[in-house]
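Examination of the molecular architecture
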Amino acid sequence: MDVPNREFLLAGSLEELKAKGRLILHGGHRPILVIYDRGRVFALDNRCPHMGFLLERGSVEDGILTCHWHHARFDLESGCTFDLWADDVPIFPVELRNGEVWVKIAFGDADPAAHWRQRLADGLAHDLGLVIAKAVHGQLAAAVPHSDIVRQVALFGAQNRDGWSVGLTILTALANLLPVLPEEEAYIALFHGARRVAADCDGEAPRRERAPLGSQPDPVTLKRWLAGWTSVRHREAAERTLLTAIAAGASPAMLADALLAAATERAFADTGHSLDFINKAFECLDLIGWEHAAAVLPTVIGQMVAARGAEELTAWRQPVDLIALCEQAGSELPELFAAGRGVHDWSEHATLARELLGDDPVRMVDALKAAIRAGAVPVDLSRSLAYGAALRVARFGNANEHADWETAHHVFTYANALHQMLKRIGTTHTDEHITAARGVLHGAMALYLTRYLNVPPARIPGEDGELFNDLPVDIEGISAALLDAFDRQRQVDLAARLVAQHLKLGHSPQALIATLARALLREDAGFHAYQMLEAGVRQYTEWADTDAGRHMLIAVARYLAAHSPTERAALQTADIARRLMRGGELHQEEGASS
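**Focus on the overall build of the chain**
- Secondary structure summary: the chain contains 24 helices and nine strands in total.
- Based on the C-alpha atoms only, the size of the chain along its principal axes is roughly 95 × 70 × 40 Å.
- The long-range share in the chain, meaning contacts at least 24 apart out of those at least 6 apart in sequence, stands at 73%.
- Per element, the accessible surface of the chain, about 24,300 Å² overall, is 51% carbon and sulfur.

Printed below as a string of structure tokens:
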């Protein structure tokens, strides 16, 4: 066979094709449907791009091929769909040679990365889950870096919705976990993040661009202005102030300090979501590049200025005025940090965390003051707060209402966000960041208000010398048992015991995290589940193989088990896309046409 024919396969004679109307050719990595219609010959992938049903079983009329599975319709000549949810079907060039039909079986684009980037843009714009899944898979197969995919999705979300969204938080949380995920789970994670961003933007008004001020005020003035505009809920002024700081070259630490100070103008705003969104916007820029700061950071301003603060809630005012307590303690922070300056190596993080789990808010504030005098800096305080909040989840009583999981979860994810922001700000000039440190006081009071969730407290597995003789000991067996627990409802305690067993035996924490991620990624998980996993893993890295670190992952497992299983519809979409992209015949039966 000559060189050109190496790319072509013989489908059959033209007369045979005219007589039968269609032929099936098995070439390359996918079956090809060859159709004769109105004097012309067309060749298409025989699998419907929607769910892989055999297009040979469809019908042709007026140049339109209809798949009878979900009634998707395709233009025979181009393969383009009339129904966007179905995606386009790949086509193949055809040549007629001496009464024979030859089909070019080579498949692929000259620039697959560019092709799948455009398909991802299409999928995001029209909220097409299957197209998004294929495009993510296609980009990964074309060796596109994870960060490039995250960047494309994040910038789409920032531009096509007027404000930071749940989807962008999920995208960033999952992107933070990518380094510990196997490639198959990385595909699922990127798909989940992208589909949630697309859903958030569907039908929303795009973001309106605003410009920085024409002047260049100093950083202290910009910080003061931002807090002031936030306090009076003046969004445009706050955004222009932030954009001015970005245009002036303010560092991420300076921007974090200014935004954290403004965000804590209201206590525990929007049950902690406001601060968590701000932190995730910063982490998003760490992933996609700080050159996009002007596009991403202002998206958090709308919620920040509109957020409802806890000072407006009765529970924070009666029977104890927790806001007044925070304000009084906040006024003392400059003196307290000055007293602790010069004292080094404070390390009583776990002790302080347990003191913050008390039932007396005054004593809790006194414990924070004592820690500051002893040399604790804001990031130390937030680390202790995060551990205390994790213990609330780890000891969450099963007798509580299911919705109360979210109450405990909110405090933990708030505390993690606060800790990450304070780490970003740094500790070299604590006196300049005292305003931001009041967020610890707010978090401590939120922790106090959730004390009833531990009455009675659930036992943490492994305490008091508990043995796990009924559980598997090998890493594969523990992983399988943990996934099996997530397949059934109300397996909170079993999931916690399996995590404790894994860590007690010294198995790889990274393997355990990968298993927890796999359990989450197969679910149609709610927003909070993604937050919980990522925050728990973040905090585990702070404590590593200590009791506190183990408690972090136990808290994650208990929360995820309480919210599993779900229908897993999104996983089905991702799996269909993966099999189609790999050339699988999803609906092939024995004896099918060949």
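**Comments concerning the side chain of Glu239**
- When you line up the elements, Glu239 lands in helix α8 (residues 235-247).
- Of the polar contacts made by the side chain of Glu239, one reaches the side chain of Arg207; its length is 2.5 Å.
- Once residues lying within four places of it in the same chain are set aside, the contact partners of Glu239 are Arg207, Arg210, Pro298 and Ile301.

**Observations regarding the confidence of the model for the chain**
- On average, residues of the chain carry a pLDDT of 93, and 95% of them reach 70 or more.
- With pLDDT under 50 throughout, residues 589-594 is counted as low confidence; its partners more than four residues away or in other chains account for six contacts.

**With respect to the packing of helix α9 (residues 252-263) against helix α17 (residues 404-425)**
- Where α9 meets α17, the axes come as close as 8 Å, and the angle between the chain directions of the two elements is 135°. Here α9 is positioned oblique relative to α17, judged by the angle of their axes. The handedness of the crossing between α9 and α17 is left-handed. Residues Pro252, Ala253, Ala256, Asp257 and Leu260 of α9 form the contact with α17, whose participating residues are Leu418, Met421, Leu422, Arg424 and Ile425.

**Thoughts on the sheet that holds strand β1 (residues 8-13)**
- An order of β1-β9-β8 is seen for the three strands of this open sheet, with the pairing classed as antiparallel. Here the strands that pair on one side only, and so sit at the sheet edges, are β1 and β8 (94-97). Neighbour-to-neighbour, the strand axes of this sheet turn through a mean angle of 30°, independent of strand direction.
- Sheet topology note: the β1/strand β9 (residues 100-104) ladder contains five bridges and is antiparallel. Pairing of Leu10 across the sheet is with Trp102, part of β9.

What counts as what
- Residues numbered from 1 in each chain as written.
- Predicted model: local features only at pLDDT ≥ 70, side-chain atom pairs only at ≥ 80, totals over all residues.
- Heavy atoms only, no water.
- Helix = DSSP H or I, 4+ residues; strand = E, 2+ residues; numbered from the N terminus.
- Contact = heavy atoms within 4.5 Å.
- Areas by Shrake-Rupley, 256 points an atom, 1.4 Å probe, with all protein chains shown as cover.
- Polar contact = N/O pair within 3.5 Å; in protein donor to acceptor, adjacent residues only side chain to side chain.
- pLDDT = per-residue confidence, 0-100.
- Axes fitted to C-alpha atoms, helices over the stretch in contact; angles between N-to-C directions.
- Parallel < 35°, antiparallel > 145°, perpendicular 65-115°, else oblique.
- Left-handed = near helix turned anticlockwise from the far one by under 90°.
- Pairing = 2+ DSSP bridges.

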